[in-house]
Amino acid sequence: MAARYHAPPGLRVIALDTLSALYHRASGQTHVVAPPVPEMLAILAEAPMTAAEMRAVLAARYDLADPDPDAIAARLDELAAIGVVEKR
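Here is a short report on the structure shown in this document. Source: prediction; values computed, not measured. (Residues numbered from 1 in each chain as written. Predicted model: local features only at pLDDT ≥ 70, side-chain atom pairs only at ≥ 80, totals over all residues. Heavy atoms only, no water.)

## Comments concerning a nonpolar patch on the surface
Here is the rule we go by: Here the term patch refers to residues with relative accessible area over 30% and no salt bridge, with like charges joined within 9 Å and nonpolar side chains (Val, Leu, Ile, Met, Phe, Trp, Tyr) within 5 Å. Surface exposure here means Shrake-Rupley accessible area, sampled with a 1.4 Å probe, where a residue is shielded only by the protein chains that are shown. By salt bridge we mean one thing: a side-chain nitrogen of Lys or Arg within 4 Å of a carboxyl oxygen of Asp or Glu. Think of it this way: any DSSP run of H or I at least four residues long counts as a helix, any run of E at least two long counts as a strand, and we number them from the N terminus.
Side chains of Ile14, Leu16, Leu19 and Val32 sit close together on the surface and give an oily, nonpolar patch of about 350 Å² of accessible area. Looking at the element boundaries, Val32 is found in strand β4 (residues 29-33).

## Considering the side chain of Ser20
The criterion, for reference: Here a residue-residue contact requires only that any non-hydrogen atoms of the pair lie within 4.5 Å.
Relative to the assigned elements, Ser20 resides in strand β3 (residues 19-24). Apart from residues no more than four positions distant in its own chain, Ser20 is found in contact with Val13, Ile14, Ala15, His31, Val32, Val33 and Pro38.

## Let's talk about helix α3 (residues 69-81)
The line we're drawing: Here the expected span of a helix is defined as 1.5 Å times the quantity of residues minus one. Residue burial is assigned from relative accessible area. The probe radius is 1.4 Å, only protein chains are included, and a residue is buried under 20% of its type maximum, exposed over 50%, and partly exposed in between. In this description, one arc is meant: the one made by directions from the helix axis to the C-beta atoms. Whenever a nitrogen or oxygen atom comes within 3.5 Å of another N or O atom, the pair is scored as a polar contact, on the condition that within protein one atom can donate a hydrogen and the other can accept it, and that pairs from neighbouring residues in sequence are kept only if both atoms are in side chains.
With 13 residues, α3 should reach 18 Å at 1.5 Å per residue; the first-to-last C-alpha distance of 18 Å fits that figure. Taken as a whole, α3 has its buried residues at Ile72, Leu76 and Leu79. Down the axis of α3, the smallest arc covering the buried residues is 60°, so these residues share one side. Counted as exposed and oriented over 90 degrees from the buried face of α3: Asp70 and Ala81. Of the surrounding elements, those touching the buried residues of α3 are β1 (5-6), α1 (37-46) and α2 (51-62). Two or three places before Asp70, at the opening of α3, Asp68 has a side-chain oxygen 3.0 Å from that residue's backbone nitrogen.

## Some remarks on the environment of Ala71
Mapped onto the secondary structure, Ala71 falls in helix α3. Taking the C-alpha atoms as reference points, Ala71 and Leu41, separated by 30 residues in sequence, lie 15 Å from one another.

## Digging into the pattern of salt bridges
Enumeration over the complete set of coordinates arrives at five salt bridges. Its salt-bridge partner being Arg61, residue Glu46 comes within 2.6 Å of it at the nearest N-O pair. Here the residue Glu46 occupies a position in helix α1, and Arg61 occupies one in helix α2, the gap between them amounting to 15 residues. The residue Arg88 makes a salt bridge to Glu86 at a minimum N-O spacing of 3.9 Å. You can call Arg88 exposed: its relative accessible area is 64%. What makes Glu86 partly exposed here is its relative accessible area of 35%.

Structure representation (structure tokens):
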């Protein structure tokens, strides 16, 4: 079974030109992130999903011709490693 990811409550994303500041209330940490991380977090706030589902949503919403599935899975795992998303 593929892992499902979701964005826990308490995340605040503030756009800073081309980058975004991500404040994680639970840890008190701030991270500076680049696209597509803010978009991915917004999608995960709507519903938990697998990396494959994330890929499909990103492709549909942002007209991505062929997003790299390994890159999306790696990004989700990185976000899980710093505690910004939860992996189940």
